[in-house]
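Structural features, examined
The lines below spell out each chain.
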Amino acid sequence: MRILHTSDWHLGQNFMNHSREREHAVLIDWVLEQVEAHAVDAVLIAGDIFDTGTPPSYARALYYRLIAQLHQRKVALLLLGGNHDSVSVLSESLPLLHHLNTTVIAATGDAAQHVITLPVRGSTQPGCIVCALPFIRPRDVLTSQAGQSAEDKQRNLQSAIQDTYAQVFAAAQALQAQLQAAHGTRVPIVATGHLTTVGASSNESVREIYVGALEAFPTSAFPPADYIALGHIHKPQKVGGLEHIRYCGSPIALGFDEAKQTKEVLLVDLNVHGLQTITPLATPVCQILASLTGNLASLPAQLQALAAQSSAEHPAWLEVTVQEDDYLPDVAARIDAMVQGLALQVLRVKRQRGTAMPQLFTEYGESLEALTPSDVFARRLVQETISTDVHQALHHRYQEVLASVHAGDAQ
């Protein structure tokens, strides 16, 4: 049995007023090519199929094109709801999708409805059993109680999610025993999830879930499935160093912080003995996202080098962080002038001091109101790379100016 594990497509994403439609269309064509080239039996998307609960019409069209094309190839498709997905949108046309070899699990319900058998391609032979759990909303598994502390809520939610996995896994084991009795061979069990796990490395484009209740689900709380296919974290990775618990990551970069990641999907091979191999397949990049950092003297060379990798038809989308010269009021205009005539489109200009200034206060746990002007000036000097002599001269000059101001106020 060979599964293509992917997640976090975020169809319909509006990225700084730019559509990702072309990228997702290319991605679908590429996935269909991989399905044929690698003889894939089933495709599993572990949540966040859409970017919002009200996806635009073109995103729905891409979604149904994927379903129809996989059905034509006799490949089973299992879709799981994520925290970005709308339960009602994913639940549309479920009987119709069932006839198209597609199973959608949008929300948490009875254990039996989460036990799905995926067949070997083009047959009715069971290839694997899936504990198909989507993003688990607290209200689906937990009753809120008055007077609970944050620690109590976290502990109760973790216990409720763990119990949900245990119930579904027990039902999957019962089905596994039935199939083994009927066919004489063991059918492997796969579990899914759309959540943050302990030890997972995240990034800024991932929306935090279970805020104030459950920060991360421990790997020890998962059932002993042969493979655990996870979604929600956009960076591909093993969890806790365990080979069989994987985030496949998002197939395209969904933020500038993901621009340097190698995006991929995972080919997962299973047989009667369980997990055999996991093969990453790097996804194509048809829209360059880049994040550059430098001063106004070093940026032109970086921009020229990036433009050489781009095209006029599809210019690279760019975030620029300006160092040293970021005090200039016309920084954005200067950057725009630098990219004139280049296959580049600047979507965001950041000033390094804009992110550094809060550190003047948060590092010490103080507010601006609690500091004197001298305190602020001294801490600001510490952030600059200057010689001791210049540091002392600046500090001395500041004290002279301050004394002069105070003398003027006294008069």
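Criteria and cut-off values
Residues numbered from 1 in each chain as written. Predicted model: local features only at pLDDT ≥ 70, side-chain atom pairs only at ≥ 80, totals over all residues. Heavy atoms only, no water. Helix = DSSP H or I, 4+ residues; strand = E, 2+ residues; numbered from the N terminus. Buried < 20%, exposed > 50% of the residue type's maximum accessible area, 1.4 Å probe, protein only. Contact = heavy atoms within 4.5 Å. Areas by Shrake-Rupley, 256 points an atom, 1.4 Å probe, with all protein chains shown as cover. Core = buried A, V, L, I, M, F, W, Y, C linked by side-chain atoms within 4.5 Å. Expected span 1.5 Å × (residues − 1). Phe/Tyr/Trp six-rings, centres within 6.5 Å; stacked < 30°, edge-to-face > 60°. Lys NZ or Arg CZ within 6 Å of the ring centre and 35° of its normal. Pairing = 2+ DSSP bridges. Axes fitted to C-alpha atoms, helices over the stretch in contact; angles between N-to-C directions. Parallel < 35°, antiparallel > 145°, perpendicular 65-115°, else oblique. Nonpolar A, V, L, I, M, F, W, Y, C, P; charged D, E, K, R; others polar. Salt bridge = Lys/Arg side-chain N within 4 Å of Asp/Glu carboxyl O.

1. So, the overall build of the protein chain
Across its full length, the protein chain carries 12 helices and 17 strands. Here the protein chain holds 411 residues, and the buried ones make up 46% of them. Nonlocal contacts in the protein chain, meaning residues at least 24 apart in sequence, comprise 71% of its contacts between residues at least 6 apart. Carbon and sulfur atoms form 52% of the exposed surface of the protein chain, whose accessible area is close to 19,400 Å².

2. Brief notes about the nonpolar core
Val43 and Tyr63 are the most contacted members of the largest nonpolar core, which has 32 residues in total. Broken down by secondary-structure element, the contributors of at least two residues to this core are helix H1 (21–37), strand E4 (42–46), helix H2 (57–72), strand E5 (76–80), helix H3 (87–90) and strand E13 (264–271). Here the element with the most residues in this core is H2; it accounts for seven residues. Leaving out residues up to four positions away in the same chain, Tyr63 has contacts with Leu11, Ile49, Phe50, Leu79, Leu90, Leu97 and Val104. Counting residues in hydrophobic clusters, the runner-up holds 27 residues, among them Val115, Ile136, Val168 and Phe222.

3. Points about H2
Between the first and last C-alpha of H2 there are 23 Å, a value that for 16 residues agrees with the 22 Å anticipated at 1.5 Å per step. Considered for burial, the residues of H2 that qualify are Tyr58, Ala59, Leu62, Tyr63, Leu66, Ile67 and Leu70. One or two residues past the end of H2 sits Lys74, with phi positive at roughly 60°.

4. What to know about H1
A rise of 1.5 Å per residue sets the reference length of H1, with its 17 residues, at 24 Å; its end C-alpha atoms lie 24 Å apart and thus fit the reference within 8%. Taken together, the buried positions of H1 are Glu23, His24, Leu27, Ile28, Trp30, Val31, Leu32, Gln34 and Val35. Directly beyond the C-terminal end of H1, a positive phi value near 50° is found at Ala39.

5. What about the packing of aromatic side chains?
The full count for this structure, using the stated rule, is seven aromatic pairs. Judged by centre distance (5.0 Å) and plane angle (70°), the ring pair of Tyr63 and Tyr64 falls under edge-to-face. Assessed through its relative accessible area of 34%, Tyr64 is described here as partly exposed. Across the ring face of Phe15, the terminal group of Arg20 is positioned such that the distance to the ring centre comes to 5.2 Å.

6. Regarding the pairing of strand E14 (residues 274–282)
Of the pairings in the sheet, the one linking E13 to E14 comprises eight bridges and is antiparallel in character. Counted as the bridge partner of Val268 is Ile278 from E14. Hairpin geometry of E13 and E14 is characterised by an intervening segment of two residues between the two adjacent antiparallel strands.

7. Here we look at unusual backbone geometry
One non-glycine residue, His10, lies in positive phi territory at about 55°. Turning to its location among the elements, His10 is positioned in the loop between strand E1 (2–6) and strand E2 (14–15). Backbone geometry places Ser93, a non-glycine residue, at a positive phi of 60°. Here Ser93 lies in the loop between H3 and helix H4 (94–99).

8. Quick notes on the sheet that holds strand E11 (residues 237–239)
The mixed open sheet is built from six strands, whose spatial order is E7-E8-E9-E10-E12-E11. Because the sheet does not close on itself, it has two edges, and the strands there are strand E7 (115–119) and E11. Along the sheet, successive strands turn relative to each other by an average axial angle of 35°, direction set aside. Alignment of strand E9 (residues 189–194) against strand E10 (residues 227–231), held across five bridges, turns out to be parallel. Its bridge partner being in E10, His194 is matched across the sheet by Gly231. Here helix H6 (residues 150–183) sits on the sheet and contacts E7, strand E8 (126–131) and E9; the angle it forms with E8, its principal contact strand, is near 165°.

9. Looking at the pairing of E8
Of all six residues making up E8, six are buried, and the element is well covered by its neighbours. One ladder, built from five bridges, connects E7 with E8; its direction is antiparallel. Residue pairing across strands places Pro119 opposite Pro126, the latter belonging to E8. Sheet topology places E8 next to E9; three bridges connect them, and they run parallel. Within the sheet, the bridge partner assigned to Cys131 lies in E9 and is Ala191.

10. Here we look at the side chain of Glu23
In this fold, Glu23 is placed in helix H1. Excluding its chain neighbours within four sequence positions, the residues that come into contact with Glu23 are Ile252, Cys286, Gln287 and Trp317.

11. Here's the deal with the packing of H1 against H2
Running from amino to carboxyl end, H1 crosses H2 at an angle of 5°, the nearest separation of the two axes being 11 Å. If you check the angle between H1 and H2, you find them roughly parallel. Only Tyr58, Leu62, Arg65, Leu66, Gln69 and Leu70 of H2 make contact with H1, whose side of the interface consists of Glu21, His24, Ala25, Ile28, Asp29, Leu32 and Val35. Here the contact of H1 with H2 is composed, by residue class, of eight nonpolar, two polar and three charged.

12. Quick notes on the pattern of salt bridges
Scanning the entire structure with this criterion turns up 13 salt bridges. Here Glu23 makes a salt bridge to Arg20, at a shortest N to O gap of 2.5 Å. The pair formed by Glu23 and Arg20 is uniform in burial state, with each residue classed as buried. A salt bridge links Asp226 to Arg186, with the nearest nitrogen and oxygen atoms 2.9 Å apart. Highlighted residues: Asp226 in the loop between E9 and E10 and Arg186 in the loop between H6 and E9, separated in sequence by 40 residues. Given the relative accessible area of 28%, Arg186 is considered partly exposed.

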